[in-house]
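# Structure at a glance
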Amino acid sequence: MQKNIAFAMGQYYAPSKVKQYAKLLFIMRVSVFCCTLLLASLQLLASTRSKAQNINETSVKFGVNNETLSNALKKLQGESGFTFFYPSEKIAPYDHISVETKTRSVEETLSLLLVNTDLDFTQQNNDVIIFQKAAIIRPVIKPVFITGKVVDEKNEPIPGVTIKVKGTNLAWSTNPSGAFTALIASPDAILQFTFVGYITQEIPVNQLKNPVTIVLKEDISKLDEVQVIAYGTTTKRANTGDITTVNAETISKYPTTNVLDVLQGTVPGLNIYKNTGNADGTYKVQIRGINGLGSAQPLYVIDGIPYRGGGVNTSNLNLGANTANGGNAGGYDALGAINPDDIESISVLKDADATAIYGSRGADGVILITTKKGKTGAPRIDASVYSGVSDVAHFQPMLDLQQYLQMRHEAKKNDNSAISTTDYDINGVWDSTRNTNWQKALIGGYGHNSNAQLGISGGNEDVQYRINGGYNYTSDLEHLGGSDQTASLNVNISSTTKDKKFSVVFSGGYLYDINTQTQSDLTDEITLAPDAPALYTSAGAINYQNNTFYNPLTEKNNIDHTPSYNLTSSLSLSYKPIKDLEIKLTTGYNKRDVNEFLGNPSTAVPPYVTLNPYSTFTYNTSTAWSIEPQVNYTKRIGKGTLLATVGASLQDENFTTMALETTGYSSDLLLSSPTAGTSITTVIPYSVSPQKFAALFGRINYNWADKYYIDLTGRDDGSSNFGQNRQYHFFAAAGAGWIFSEESLIKNNLQFLNFGKLRGSYGTTGRDNISPYSYLSTYSSNGVSYSGVAGLVPTKLPNPDLSWETTTKAELGLELQFLKGRIAFTTDFYRNRTTGVLANSALSLVTGFSSINENMPATVQNAGFDASLTTTNFKNKDFSWSTTFLFTRDRNKLLRYPNLATSPYANEYVIGQPVDISKVYRFGGVNPQTGIYQFYGANGQITPALNSVTDKTVLINVDPDFYGSIQNNISYKQFSLSFLFRGIKQNGRNAFYNIGIIPPGFVANNNYNTLVLNHWQKPGDVTNIQRYGTSIFLLLAQNNAVQSNAAYGDASYIRLQNVSLSYTLPKNVVSKMHMQNLQVFLQGENMFTITGYNGIDPENQSAYSLPPLRVMTAGLRLTL
Amino acid sequence: MKKQYNYIKNATILSCIAGIVTASVLTSCKKVIDVGQPKTLINTANIYLSNSTAEAVVSGLYANLASTGHMYNGSGSLTIQQGLAADELKDYSSSATGTTMFYINALNSNNTYYWQEIFSELFTCNSAIAGLTSSTALNPAIQQQLIGDMKFARAFIFFNAVNLYGDVPLALSTDPAVNNVISRSPAATVLNQVIQDLTDAQNLLPDNKYVTLANGTPTDRFLPNKQTASALLARVYLYMKDWKNAETQSSNVISASSYVLEPVLTNVFLRTSRETIWDLQPISATSANGDAYSLIMTGVPNGIVNVYALSPNLLSAFESGDKRFTNWVGQIQSGTTTYYFAYKYKQNTVTGTSGVTEYPIMFRLAEQYLIRAEARAEQNNLAGAETDLDAIRTRAGLGNTTATNQTDLLNAIYHERQIELFLESGHRWFDLKRTGQLDAVMNIVAPQKGGAWSPYKALIPIPASEISTNPHLTQNPGY
């Protein structure tokens, strides 16, 4: 130790600069004088080290606030592991030293500590010697000490702004209240203030006066916002693919539990139909039309892990089946099991460049969901709560009592049919003066919903966390006694080592949903006769009117109890061994169970029916795990940057389903037990659908001078769904972008154009959307035995040649921004062509089956364009107003189908027409003589006996003609208002269709839309509604009429889809309440609709399912 | 230092994992995505490797035949639908139900009717016959019987198909490429295949399988044997007017020791009946015979239940004193109206522990007597014919036939079939067709039922969807 000190002493008096020798003598003198003192005062605190380390290579996390230099150095010595030697008396005068806590090299830290002193330092082995600079002979450079804060245009502080001395690594950042302190050695330095989403400001230090307030302007161009893409991130500026991102701020404006509600109308090219207004109901989600055939849906990926979308098999059919738009069968939409409040952003990937890296499953587009992560800063508690009501916004006009009775009597009279003993509505058994509006009575009430969220987040440079819990309650509008409740927990932890080389991100979510809505949807009971009896007796019991009335509330006694459990988890490990190289592993596991119990107690039937109680139990489990190692490499080459990614993917998904029915219960009280009955039978046979995917993928992205971008992606993908020799396929795409606004010619001459990019992409993606083992010939148990042997039956026809469906996507996009981003316009023209379409092709029943899975020789094309235009109409301190228009036009057509005429699809498809056209009869109005519907046959003449194949000559196209939306965001001082109108031009099933096959007046207790008033009454009448009657010929004609073009009509609408009004309390008020933020808000969904549609709702077009509801809520959101 | 070492270690592990996964993906792609054999299905390649799975396929087919709602049991059956189409039932169901179209003889090509069931079952037969025949792993005795079972079933199904549709596709393979473009074969060609299959089945199936057990209880008769094949063959020859062979085959059955005419009429349709040649075991131990459930009226018709009453035509055909009227016809009174209903099967619900006491009978001995009577009469063996006819009449409590010439005797036999076999497997409809009486009877009956008759309606329409899928299929004239 002694030696060490002596050595140090020796070096202490050996300054390097020769021209300082004159003064050195003086210093030596002083020093010798003080030698003893100096020796005594030398601090030796740190442990020794065996091996020398460089102070510029050793990092230390260090910070002091208003400390003496002496204490600061002691602290740094303790934390750095180096031994510091310094003359105490020279150190002593310096106090009030502040250095922001941050990880820096020891060298940098010391520089900061000593920046405003006349001290300097040097390293000798493990020791650091601090000495007085030759201050006397040096010109004094006065360091600048700057303190201030950074705010936005509304004078709100912005924490986390990076303040950097231009051209150096010296940087600070603002604290949670936006304040910062910086010490700058050179008054000529330029400070850069940067923050994501704001325009970077550069200010020379000599123009600043303490304390400074820097106002950062919002970057309305959004060009440099982070966009999540497949296996990485990019910015809007650099992106070569077609991606639309919806962020948490937009999501927070919707009072919903399913984020698909938010995507409805906010993403160009994405069309979403809501199948039902019931909680947990399903949606139809389509990105740019139907690429193949049938119910294709996008691939959902949550934090890198694939997530099974769509509905699941349930017995409760009112959640999605039975809908006009051909929604997914079953209910419990999978996206409803993700709490929207936990979502940071949603990226909708559309073109080949963006989706080809998902290979086999990218054809129908990809929806990437990224959950919220914690941010650096003091712990922050966010809470929100809202509550509101929901109702049916629009009803259809129905016959009133007089019109109804008139219809029934006229029907009887027309066909000379006697009023029978069961015609209770007109034979006097029911009080024919009762007049009930059944729409109001059954679905005219209000549902209630409440939602609460509570979360904590924060962290430091090393660890960030976010924990959020949510609860939602939605009551059944139909007052059948059910409700839907969800409780969710989401945890995110991110951690990075001090050297930033190794990082971990974990996201885990769990959502429990309990739905107790009964399986009856009273929407299909609104056709009760106006004089049907009261629902309740005067004593309050369910009224059966002496066993003449099937009371729709009968099923109130049914038990529907569906718990579902959703686990999502993702872990991402990343290591950067050297600069530019990242090795990453993303792995995760998702599991979702939907277990439905439907109990039918003996009390859930009218008294005139005896029911042996029974229960149905449905079990659905979907699991997915995924391992994806990935290597990212970044390299500057020439004037450009190369980004390369290679990776592998291994995914395993499994779906099991089963439904059982148990009968023979001795008591209703045992119904919830599957084993308490005497007999268990199969409703849905147990099925296991395992799928495995393995892939190698890669992407090379090169940008030259931030002007020219090229992007190549490829994926060799294998799927277990295909036979041995058909399992692997290679998908690839190329994309390119040209920021022409960076060309000097344009830059100099068209200054109003601040950004212009032309991009294009071309490539292939695939779809393997068939059930596992489709290539194999199999038998399965039929669940019954004969002669004591359990039977086996053939299951399907095998197709060993099954292979991929491939979609080739071509796209050209143009992005323009004018006036510094105040006008932003994007348009994309695309053409997707799908070949080898996977279809469950109809076969002649002579083959033993009705269909076979095959690759159709068809080529299906979707071509169109979408566009978005965002204008910032006003923007100043108090008032801002921006508007976004979205527009989409997609045309689907069957491009090619060799030998269609002789194929099984000869009567289903037409070359050049959309693939979901329907062929229907040509309606010929009502025969003026007989008063019965007539139809034109294939020969163009009225044909009495229609051939159900050849006489269907009219093509009905229910694809949207175009759709779009207009969104306005307006803020004035503390108020903020946004509203979104969504519109769609389309044809659909009209009220005539929804009459169904029972002609008006034909049976008792069946009411109709008022359109039947215009019916035929006497020979010579020319009208479009046939006569009232009870003849079977009316029934047959009605059945044909709903299969004719009369059943389709305009179903276009414009809907005020979302309104959100909020008031944020002023900061000074809020801080008195010890809060950071407090906001109160009103939100509404589906507020009103402008439409000529004559049924209940043009969106789900159903006479049986509750329409999408109007929701109005009020709530508050606060941050502590 | 130590920390840094940890990072390096972690990174090494991570790189190793990445490397291993990547390497394994690269080297064994096939294995990586192997999901193994299906867990709830059996690969067809494995079915005929064991006796038990091979037997299960045959059980699966019979269970399918026996299912309520299919062609041989309850609603949707030949008994009910062809009974409605002919002159056996009066329909009180609400006109919106599917069977109304049968009743008013207004079938159309928009419906598939029996078509799907027929060809789905034939696929199983064809698949099984191919699999069983080529298998080398099965016990030869079992293998032989199972092939016999399947050939019998195939003949039975094809025969019904021809009777309903006329010419039908002779689908004998399982290859969709063949069957999806197949044309209809002439009925005669199909019937040749039926005879071939039945001849094979006679050789393959056990002889006289059913014997009465020592305690007097007859065994169940739900698996076909050699005599079942003969009984069907007798029926086939009768329909083909091959009288000699029809007599030979029916004699084979009548002479077999296992079968006797049950002297007591109420015992004929019991599970224990010794008259049964082949019946179908119900697939559920708690569901009644479907015919009984559908046909027995427990109250006045209300549009949904109790809707099938016996038609006036059938009721008036009973001779006075016919014990079959008192034993096989039920009545229900409502005011001054009496509804009569088929009461051959009497167990319309299964309660308690009694189990199912009546199985749907496909073949019974009485029919064989009537086949032989007709075959003998056609061959001018009037005495022999009278003997067989009188065997049936005697049991019904009626006197011997008074017919003295061939024509009268044949008419008497037709009449006897109408009564004895009423509402069983559509006998009446098929008899009217094959004996040329259909138009005469239906011209009277159809208007009474609210419909209209045309001779083309003797055959039911090929589903239009089938013709659109396979343009090689042609529609029956008139549709």
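Residue numbers here run from 1 along each chain, matching the order of that chain's written sequence. The order in which chains are written sets their letters, starting at A; the order in which ligands are written sets their numbers, starting at 1. Local features are withheld for residues below a pLDDT of 70 in this predicted model, meaning they are given only at 70 or higher, and side-chain atom pairs are given and counted only at 80 or more; totals for whole chains, interfaces and linings count all residues. Computation of side-chain values covers all heavy atoms of the structure but excludes hydrogens and water.

Right, let's talk about the overall build of chain A for a bit. What chain A contains, in helices and strands, is 15 helices and 52 strands. Judged by the C-alpha coordinates and their principal axes, chain A covers about 135 × 75 × 65 Å. Burial classification: accessible surface area is computed with a 1.4 Å probe over protein chains only, and a residue below 20% of its type maximum counts as buried, one above 50% as exposed, and the rest as partly exposed. Looking at chain A as a whole, 55% of its 1120 residues are labelled buried. In this analysis, two residues are considered to be in contact whenever any of their non-hydrogen atoms come within 4.5 Å of each other. By sequence separation, contacts in chain A at least 24 residues apart represent 70% of the contacts at least 6 residues apart. Of the roughly 45,800 Å² of accessible surface on chain A, a fraction of 57% belongs to carbon and sulfur atoms. In chain A, which carries 89 positive and 88 negative side-chain charges, the distance between the mean positions of the two groups comes to 10 Å. Runs of H or I in DSSP of at least four residues are treated as helices and runs of E of at least two as strands, each being numbered from the N terminus. Here the accessible surface of atoms and residues is derived via Shrake-Rupley with a 1.4 Å probe, and residues count as covered only by protein chains that are part of the display. Counting rule for charge: Lys and Arg are taken as positive, Asp and Glu as negative, and neither His nor the chain ends is counted. Lys charges are placed at NZ, Arg charges at CZ, Asp charges at CG and Glu charges at CD.

Scanning chain B from N- to C-terminus turns up 21 helices and 9 strands. Taking all 479 residues of chain B together, 58% fall into the buried category. Contacts in chain B between residues at least 24 apart in sequence constitute 68% of all its contacts with a sequence separation of at least 6. Surface accessibility of chain B: about 18,100 Å² in total, with carbon and sulfur atoms responsible for 54%. Between the centroid of the 33 positive side chains of chain B and the centroid of its 36 negative side chains there is a distance of 10 Å.

What follows is about the pairing of strand 37 (residues 805–818) of chain A. Residues and elements named next belong to chain A. Counting buried positions over the 14 residues of strand 37 gives 10, a clear majority of the element. Where strand 34 (residues 753–767) meets strand 37, 14 bridges bridge the pair, whose relative direction is antiparallel. When the bridges of strand 37 are listed, Leu758 appears paired with Leu814. Here, a strand pair is defined by DSSP locating no fewer than two bridges between the strands. Here strand 37 pairs with strand 38 (residues 823–842) via 13 bridges, running antiparallel. Considered in strand 38, the bridge of Lys809 is made with Asn832. Where strand 37 hands over to strand 38, the hairpin turn is made up of 4 residues, of which Leu819 adopts a positive phi near 50°.

Attention now goes to the pattern of salt bridges. Just to be clear on terms, a salt bridge is a Lys or Arg side-chain nitrogen sitting within 4 Å of an Asp or Glu carboxyl oxygen. What the rule picks out here adds up to 61 salt bridges over all chains. In this structure, A:Arg288 engages A:Asp242 in a salt bridge whose closest nitrogen and oxygen atoms are separated by 2.6 Å. Taken together, the residues A:Arg288 in the loop between strand 17 (283–287) and strand 18 (299–302) and A:Asp242 in the loop between strand 14 (232–235) and strand 15 (243–247) connect sequence positions 46 residues apart. Residue A:Arg288 is classed as buried on the basis of its relative accessible area, which comes to 1%. What makes A:Asp242 buried here is its relative accessible area of 3%. In this structure, the salt-bridge partner of A:Arg361 is A:Glu653, at a minimum N-O distance of 2.5 Å. Of this pair, A:Arg361 sits in the loop between helix 9 (352–355) and strand 21 (366–371) while A:Glu653 is found in strand 30 (residues 640–663), placing the two residues 292 residues apart along the sequence. A:Arg361 sits in the buried class, given a relative accessible area of 17%. A single salt-bridge network, built from bridges that share partners, covers B:Glu275, B:Glu319, B:Asp322, B:Arg324, B:Lys344, B:Arg364, B:Arg393, B:Arg395, B:Glu416, B:Glu420 and B:Glu424.

Right, let's talk about the nonpolar core for a bit. Nonpolar core, defined: a set of buried Ala, Val, Leu, Ile, Met, Phe, Trp, Tyr and Cys residues in which side-chain atoms within 4.5 Å join the residues together. Membership of the largest hydrophobic core comes to 206 residues, with the highest contact counts inside it found for B:Tyr114 and B:Tyr165. Among the elements that make up this core, the one with the highest residue count is helix 8 (residues 140–165) of chain B (14 residues). Those residues in contact with B:Tyr165, other than ones at most four positions away along the chain, are B:Thr112, B:Tyr113, B:Tyr114, B:Trp115, B:Ile118, B:Arg184, B:Leu459, B:Ile460, B:Pro461, B:Ile462 and B:Asn476. The next biggest cluster of nonpolar side chains, apart from the first, holds 43 residues, and it includes A:Val64, A:Leu76, A:Phe180 and A:Phe193.

Once that is clear, we can look at the environment of A:Ile338. Residue and element names in this part refer to chain A. Looking at where Ile338 falls in the secondary structure, it is placed in the loop between strand 19 (305–307) and strand 20 (343–349). For Ile338, a relative accessible area of 9% puts it in the buried group. Taking the C-alpha atoms as reference points, Ile338 and Lys74, separated by 264 residues in sequence, lie 51 Å from one another.

Now for unusual backbone geometry. Residue and element names in this part refer to chain A. The phi dihedral of Asn66 falls on the positive side, at around 55°, and the residue is not glycine. Among the structural elements, Asn66 can be located in strand 1 (residues 59–67). For Asp280, which is not glycine, the phi torsion reads 75° and is therefore positive. The class for Asp280 is buried, based on a relative accessible area of 14%.

Between the rings of Phe, Tyr and Trp (Trp by its six-membered ring), a pair exists once the centres lie within 6.5 Å; its type follows the angle of the planes, with under 30 degrees stacked, over 60 edge-to-face, and the other angles tilted. Within this structure, the stated rule accounts for 58 aromatic pairs over all chains. Ring centres 6.4 Å apart and planes at 40° place the aromatic pair A:Tyr702 and A:Trp704 in the tilted group. With relative accessibility at 34%, the residue A:Trp704 sits in the partly exposed group. An aromatic cluster is built from A:Tyr786, B:Tyr62, B:Tyr72, B:Phe152, B:Phe156, B:Phe222, B:Trp278, B:Tyr359 and B:Phe363, whose rings are joined through pairwise contacts. It is A:Arg361 that lies over the ring of A:Phe693; its NZ or CZ is 3.9 Å from the centre. Criterion for a charge above a ring: Arg CZ or Lys NZ at most 6 Å from the ring centre, at most 35 degrees from the ring normal. Seen from the ring of A:Tyr921, A:Lys952 lies directly overhead, with NZ or CZ sitting 5.2 Å from the centre.

Contact with chain B, which involves 74 residues of that partner, is made by 69 residues of chain A. Surface buried jointly by chain B and chain A totals about 5,900 Å² across both partners, of which 70% is contributed by carbon and sulfur atoms. Counting the contacts that link chain B with chain A gives 0 salt bridges. Residue contributions to the side of chain B that touches chain A peak at 12 residues, all from helix 1 (residues 2–27) of chain B. Here the side of chain B that touches chain A is composed, by residue class, of 41 nonpolar, 27 polar and 6 charged. In short, buried area is how much 1.4 Å probe accessible area vanishes from two parts on joining, totalled over both. We call Asp, Glu, Lys and Arg charged. Ala, Val, Leu, Ile, Met, Phe, Trp, Tyr, Cys and Pro are nonpolar, and the rest, Gly among them, are polar.

Residue and element names in this part refer to chain A. Lining residues are those with an atom within 4 Å of a point, where the points come from a 1 Å grid over the protein atoms alone and group into cavities, where a 1.4 Å probe fits but cannot get out, or pockets, open sets with protein on both sides within 12 Å along at least five of seven lines. Grid points are joined across faces, edges and corners, and a volume is the space filled by probe spheres set on the points. Counted according to the given criterion, the structure contains 19 cavities of 30 Å³ or more. Approximately 420 Å³ is the volume found for the largest cavity. Of the residues forming the lining of the largest cavity, the biggest block, 3 residues, is contributed by strand 24 (residues 463–475). Its residues placed into classes, the lining of the largest cavity shows 8 nonpolar, 14 polar and 7 charged. Volume-wise, the second largest cavity comes out at about 150 Å³. Around the second largest cavity, the lining is made up of 14 residues, and of these Ser252, Tyr254, Asp341, Tyr386 and Asn451 lie nearest the centre. Of all the secondary-structure elements, those providing two or more residues to the lining of the second largest cavity are strand 22 (377–391), strand 23 (447–459) and strand 50 (1077–1085). Here the residues of the lining of the second largest cavity sort into 5 nonpolar, 7 polar and 2 charged.

Before going further, it helps to examine the sheet that holds strand 9 (residues 179–184) of chain A. Residues and elements named next belong to chain A. With respect to topology, 3 strands assemble into an open sheet ordered 9-6-12, the strand pairing being mixed. Every interior strand has two partners, whereas the edge strands, strand 9 and strand 12 (212–215), have only one. Put simply, the sheet's adjacent strands are angled 35° from each other on average, direction ignored. The sheet contact formed by strand 6 (residues 144–151) and strand 12 spans 4 bridges and is parallel. Its bridge partner being in strand 12, Gly148 is matched across the sheet by Val212. A fitted line through C-alpha atoms serves as each axis, taken over the contacting stretch for helices, and the angle formed by two N-to-C directions is quoted from 0 to 180°.

Here we take up the side chain of B:Asp279. Following the sequence through the fold, B:Asp279 ends up in strand 5 (residues 276–279). Of the side chains bearing the opposite charge, B:Arg221 lies closest to the buried B:Asp279, which forms no salt bridge; the N-O distance is 7.0 Å. Separated by 3.3 Å, the side chain of B:Asp279 and the backbone nitrogen of B:Phe222 make a polar contact. Among residues more than four places away in sequence, those in contact with B:Asp279 are A:Tyr786, B:Arg221, B:Phe222, B:Tyr359, B:Pro360, B:Ile361 and B:Met362. Counted as a polar contact is a pair of N or O atoms within 3.5 Å, where, for protein atoms, one must be capable of donating a hydrogen and the other of accepting one, and residues adjacent in sequence contribute only when both atoms are in side chains.

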